[in-house]
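# Secondary and tertiary structure notes
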Amino acid sequence: MDPTHAPGPIAAPSGRQSALAMNAAEFRALGHALVDRLATFLETLPSRPVTTGETPAEVRAVLDADRALPDTGAPAADLLTRAVELLTEHSLFNGHPRFFGYITASPAPIGILGDLLASAVNPNVGAWRLSPMASEIEGQAVRWISQLLGYREHGSGLFVSGGNMANFVGFYAARAAVGDAWHVRAAGVGAPGAPRLRVYASAETHTWLQKAADLSGLGTDAIRWIPTDDALRLETRALRLAIETDRATGDVPMLVVGTAGSVSTGVVDPLHEIGAICREADVWFHVDGAYGALAATWPDAPADLRALHLADSVAVDPHKWLYAPLEAGCLLARDADVLRRAFAYHPAYYHFDDGGGTNYVDLGPQNSRGFRALKVWLALQHAGADGYRRMIADDCALAARLFAAVDAHPDLDAHTLGLSIATFRFVPPDVRDRLGSGATETYLDELNEALLERLQRSGEAFVSNAVVHGRYLLRACIVNINTTEADVDALPAIVARIGHNLHAARRRDTRT
Ligand SMILES: Cc1ncc(COP(=O)(O)O)c(C=O)c1O
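Residues numbered from 1 in each chain as written. Predicted model: local features only at pLDDT ≥ 70, side-chain atom pairs only at ≥ 80, totals over all residues. Heavy atoms only, no water.

Secondary structure assignment for the protein chain yields 15 helices and twelve strands. Compactness check: the protein chain gives a C-alpha radius of gyration of 25 Å against a globular reference of 24 Å for 512 residues, within 12% of the reference. Structurally, the protein chain occupies a C-alpha span of about 80 × 60 × 45 Å along its principal axes. A buried classification covers 49% of the 512 residues belonging to the protein chain. A fraction of 69% describes how many contacts in the protein chain between residues 6 or more apart in sequence connect residues 24 or more apart. With the model as given, the accessible surface of the protein chain reaches about 23,700 Å², and the carbon-plus-sulfur share is 55%. (Helix = DSSP H or I, 4+ residues; strand = E, 2+ residues; numbered from the N terminus. Rg over C-alpha atoms; globule rule 2.2 N^0.38 Å. Buried < 20%, exposed > 50% of the residue type's maximum accessible area, 1.4 Å probe, protein only. Contact = heavy atoms within 4.5 Å. Areas by Shrake-Rupley, 256 points an atom, 1.4 Å probe, with all protein chains shown as cover.)

Glancing now at the pattern of salt bridges. Under the defined criterion, the tally for this structure stands at 24 salt bridges. Lys375 is paired through a salt bridge with Asp115; the nearest N and O atoms lie 3.4 Å apart. Taken together, the residues Lys375 in helix 13 (residues 373–408) and Asp115 in helix 4 (residues 109–121) connect sequence positions 260 residues apart. Residue Glu460 pairs with Arg497 through a salt bridge whose shortest N-O separation is 2.6 Å. Placement of Glu460 in the loop between helix 14 (438–458) and strand 11 (462–468) and of Arg497 in helix 15 (residues 485–511) is noted, with a sequence separation of 37 residues between them. On the basis of relative accessibility, which here comes to 39%, the residue Arg497 falls in the partly exposed class. Members of the salt-bridge network, linked through shared partners, are Arg425, Glu441, Asp445 and Arg471. (Salt bridge = Lys/Arg side-chain N within 4 Å of Asp/Glu carboxyl O.)

So, about the site of the ligand. In the neighbourhood of the ligand, 14 residues make up the surrounding shell, with Gly163, Asn164, Asp288, Asp317 and His319 lying closest. A distance of 2.7 Å separates a nitrogen atom of the ligand from a polar side-chain atom of Asp288. Burial of the ligand by the surrounding chains reaches 84%, relative to a free accessible area of 390 Å². Here the element with the most residues in the shell around the ligand is helix 6 (residues 163–178); it accounts for three residues. Considered class by class, the residues forming the shell around the ligand number four nonpolar, seven polar and three charged. (Near = heavy atom within 4 Å. Polar contact = N/O pair within 3.5 Å; in protein donor to acceptor, adjacent residues only side chain to side chain. Nonpolar A, V, L, I, M, F, W, Y, C, P; charged D, E, K, R; others polar.)

Below, the discussion takes up the pairing of strand 9 (residues 412–418). In terms of strand pairing, strand 9 meets strand 10 (residues 421–426) through six bridges, oriented antiparallel. In the sheet register, Ala414 faces strand 10, and the bridge partner there is Phe424. A loop of two residues connects strand 9 with strand 10, the two strands running antiparallel in sequence, and Leu419 in this loop sits at a positive phi of about 50°. (Pairing = 2+ DSSP bridges.)

Read from one edge to the other, the open sheet built from five strands follows the order 1-11-12-10-9, with strand pairing classed as mixed. The sheet is open, and its two borders are formed by strand 1 (99–100) and strand 9, each paired with just one other strand. Pairing of strand 10 with strand 12 (residues 471–477) involves four bridges; the strand directions are antiparallel. From the neighbouring strand, Phe424 faces strand 12, where its bridge partner is Leu474. Contacts between helix 13 and the sheet are confined to strand 9, strand 10 and strand 12, with strand 9 contributing the most and set at about 155° to the helix. Contacting strand 1, strand 9, strand 10, strand 11 and strand 12, helix 15 runs over the sheet at an angle of about 30° to strand 10. (Axes fitted to C-alpha atoms, helices over the stretch in contact; angles between N-to-C directions.)

Moving on, we get to the side chain of Asp317. When you line up the elements, Asp317 lands in the loop between strand 7 (313–316) and helix 11 (318–321). Judged by relative accessible area, which is 0%, Asp317 ranks as buried. A polar side-chain atom of Asp317 sits 2.5 Å from a polar atom in the side chain of Lys320.

Strand pairing within a sheet occurs via backbone hydrogen bonds; the two strands may be parallel or antiparallel. The mixed open sheet is built from seven strands, whose spatial order is 2-8-7-6-5-3-4. Of all the strands in the sheet, just strand 2 (156–160) and strand 4 (223–226) have a single pairing partner and so form its edges. Between one strand axis and the next, the sheet turns by 20° as a mean value, whatever way the strands run. As paired elements, strand 3 (residues 197–202) and strand 4 share four bridges and run parallel to each other. Along strand 4, the bridge assignment pairs Tyr200 with Arg224.

What follows is the structure in structure tokens.
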């Protein structure tokens, strides 16, 4: 049957001819065709380059970016065909088995389908009445995550767009808790007589903290950057001292951030000790576990990942180690009331009293909310708790394997291994005996930066970088259900080959 003439309107009742209407048969045919193409795309991913490495100008030219929006509509089939082509031929694929950059996971296939389902039902998960089942599913997914990482049996929380927003929610919960005395939500942080609020974190903390301090009105100067030890873990003695010093001068410590898996090297702060200090000093303890909190499921995890339960709030990122397609972040809190005290208002135009149903509009900054929880809820059940334990352990084992392979390579130096992040650099044989000298180290920083640029564009593999103790390093982070030992084993030779080519070219240039 020609789908464009099939009966059965899906979206246009009683004769209205909406320009976006699509009848059921057409929707079905287009959907099947799209899913077929996507299945082929996913199946062929390993044989494609990780990225085409095109320039912005090249991508804009393919898109015809300056074209004006046409006045008349176009057939959906053509649009979808072109969109698939544009995206599958001109993207960087973080689901590729050799994508080891930043901390972006390969998406779980069931999550991809879950997003389609969520869009079709389109519940507004701001209020229970607008999303009865979706709200309950979100609550269950939050509880499961909380239980999986040993935070709370009955903790509360909500889904947000990612790690930054999850951390923001924790930050604002802390601000509301400490500022209750002068009604900080109404009077603001600069209210007459209000004390200066202070937050404490190590310099390894992700940049969400500056954004939160800035946007909340505290200002980034409110952050006390606590030094780290040689292993890049927050120094607890310095933390204790900083809190005491601020208290003595009349400032109010609002929040201590501990990181469970730092973005650069996967380091876990001494969370047990930080938790004890916060309890003693009565300061909100927030853990940024966007990357690493879920590694608490890994039997070989650093012992401090067993201390998440000490935190008042924990940020987790399901689009990292739960392998959810972007976007999905999650903030866990002791209970829902600490979030309500930070976010709830009750405008006259809402009538959302459903006797026990959670209205997520009250727990976070968003009003209308999509159904991000569905893809996570599906993936959690598809893999099961044990499936997640194994996937995360496998990622960590692959990173350790890479670290060992780099260590054994004559022209690569392994630097750090934390959770599933390995850092390393290329060191050409003829500079090895001058390591440590200022000129050689500067040369190696520049060489490795150029190497990264070349590697990222090559499409052979994708790593990112870290600066550790002042040195520019390559950084591979494996949060990827598609990566195999063969993918990891291939990386050292690729890196060394590009490094040697660049080094030889630089040597030639300095001789001519
Ligand atoms: C430790 C940590 N916190 C926060 C973030 C921010 O997360 P998102 O990019 O999901 O906002 C990241 C991202 O890598 C991270 O590693």
